[in-house]
Amino acid sequence: EVAVQTVPKDKITPVSELEKRRVIHLPDGSTVTLNRNSRLDYIPGFTSAIREVYLTGEAFFDIVRVPGKPFLVHTGKVTTRVLGTSFNIKAYPSDKAIEITVEHGKVQVMDEKTNMGLLTDAQQLRFEVDKDQYKFGKVDVNAVAAWRPQEIRFDDITLSEIGRQIEQRFGRTVRFANPALENCRVTASFYEDDGLEEIMTVVCGISQSTWLAKENVIVIDGKGCN
């Protein structure tokens, strides 16, 4: 893993998975899917005028548009600036090039000296790190981002329904200590290789509840929804 030196370490939230892909829910509502052997660093809260993260490895970004707050992705010498779009960045330290591929929307790509240009739908910029050279091209975005696992989405469904899906998937029994929680509605995205702990942590975070697993039973508790 490569440590980020441009931001004080005590202000960085690192998100790193060596063996698994993982979905990161950022404070502004944007999501980042990290590929294996990848790392994302960011300052919690995005309290400054600019939202920015630091990527080592590969990730797919789905960025929420926030007026007046651009989103910056730093990958070594290259910075990608967006307002609201979805795109893939591949920038492993062992690679000879950094690749930025836009699914839809527009992103601006810069290095330390140059504004390299604007990327739009299905365009890719490939930056040769050692040569400081870059080129644009049209690509098949689905092929570039084929590493992403199949998405599992909870789209405005109740905790009761989520509990039934968890029971089917993990073979556990889900119980609610407070019945008022059962009708709380949740919207969240996961992927097929996310584990029980990852799913429950996000679901309970959104619904402001807690969970406890003992043997084959999961108990969800909390005050319920407004």
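Asks: Residues and numbers for the sheet that holds strand E15 (residues 173-176), please.
Replies: Taken in spatial order, the 3 strands make up an open sheet running E15-E18-E17, and their pairing is mixed. Edge positions in the sheet fall to E15 and strand E17 (209-214), since each of these pairs with one other strand and no more. If you compare each strand with its neighbour and ignore which way they point, the axes differ by 20 degrees on average. As defined by bridge partners, E17 adjoins strand E18 (residues 217-222) across 6 bridges and the pair is classed as antiparallel.

Asks: Lay out the environment of Pro-149 in plain terms, naming residues and giving numbers.
Replies: Here Pro-149 shows up in the loop between helix H1 (141-144) and strand E14 (151-158). It is 9.6 Å that separates the C-alpha atoms of Pro-149 and Asp-194, two residues lying 45 residues apart in sequence. Not counting residues within four places of it along the chain, the set of residues in contact with Pro-149 comprises Arg-21, Tyr-191, Glu-192 and Asp-193.

Asks: Tell me about the packing of helix H2 (residues 159-170) against helix H3 (residues 196-207), residues and numbers included.
Replies: One can describe the packing of H2 onto H3 by two numbers: an axis separation of 12 Å at closest approach and a directional angle of 175 degrees. Accordingly, the angle class assigned to the pair H2 and H3 is roughly antiparallel. The residues of H3 that touch H2, namely those facing Leu-159, Ile-162, Ile-166, Arg-169 and Phe-170, are Leu-196, Ile-199, Met-200, Val-203 and Ser-207. Here the residues of the contact of H2 with H3 are counted per class, giving 8 nonpolar, 1 polar and 1 charged.

Asks: Help me get a handle on the confidence of the model for the protein chain, residues and values and all.
Replies: Here the protein chain averages 85 in pLDDT, while 91% of its residues score no lower than 70. Contacts from residues 1-12, a stretch scored under 50 in pLDDT, to residues over four places away or in other chains number 19 contacts.

Asks: Which residues make up the pattern of salt bridges, and what values do they have?
Replies: One pass over the structure, following the stated rule, counts 9 salt bridges. Put simply, Glu-99, Arg-126 and Glu-128 are held in one network by salt bridges that share partners.

Asks: Describe in detail the packing of aromatic side chains, supporting the description with residues and values.
Replies: Under the criterion given, the structure shown has 3 aromatic pairs. Both rings, one in Phe-61 and one in Phe-71, keep their centres 6.3 Å apart while their planes meet at 65 degrees; by these two values the pair is edge-to-face. With a gap of 10 residues between them, Phe-61 in strand E5 (residues 51-62) and Phe-71 in strand E6 (residues 71-75) connect regions that are remote in the sequence. Looking at Phe-61, the relative accessible area reads 0%, which means it is buried. On the basis of an interplanar angle of 10 degrees and a centroid distance of 5.0 Å, the ring pair of Phe-61 and Phe-87 is categorised as stacked. One end of the pair, Phe-61, is in strand E5; the other, Phe-87, is in strand E8 (residues 86-91), and 26 residues separate them in sequence. Both residues of the pair, Phe-61 and Phe-87, belong to the buried class. By way of ring pairs, the aromatic residues Phe-61, Phe-71 and Phe-87 are connected into one cluster. In this structure, Arg-148 is placed above the aromatic ring of Phe-60, and the distance from its NZ or CZ to the ring centre is 3.7 Å.

Asks: Which residues make up the environment of Asn-37, and what values go with them?
Replies: Examined against the element boundaries, Asn-37 turns out to sit in the loop between strand E3 (31-34) and strand E4 (38-42). Here Asn-37 falls in the partly exposed class, since its relative accessible area comes to 48%. Between the C-alpha atom of Asn-37 and that of Leu-159, which follows or precedes it by 122 residues, the distance is 33 Å.

About the criteria used
Residues numbered from 1 in each chain as written. Predicted model: local features only at pLDDT ≥ 70, side-chain atom pairs only at ≥ 80, totals over all residues. Heavy atoms only, no water. Pairing = 2+ DSSP bridges. Helix = DSSP H or I, 4+ residues; strand = E, 2+ residues; numbered from the N terminus. Axes fitted to C-alpha atoms, helices over the stretch in contact; angles between N-to-C directions. Contact = heavy atoms within 4.5 Å. Parallel < 35°, antiparallel > 145°, perpendicular 65-115°, else oblique. Nonpolar A, V, L, I, M, F, W, Y, C, P; charged D, E, K, R; others polar. pLDDT = per-residue confidence, 0-100. Salt bridge = Lys/Arg side-chain N within 4 Å of Asp/Glu carboxyl O. Phe/Tyr/Trp six-rings, centres within 6.5 Å; stacked < 30°, edge-to-face > 60°. Buried < 20%, exposed > 50% of the residue type's maximum accessible area, 1.4 Å probe, protein only. Lys NZ or Arg CZ within 6 Å of the ring centre and 35° of its normal.

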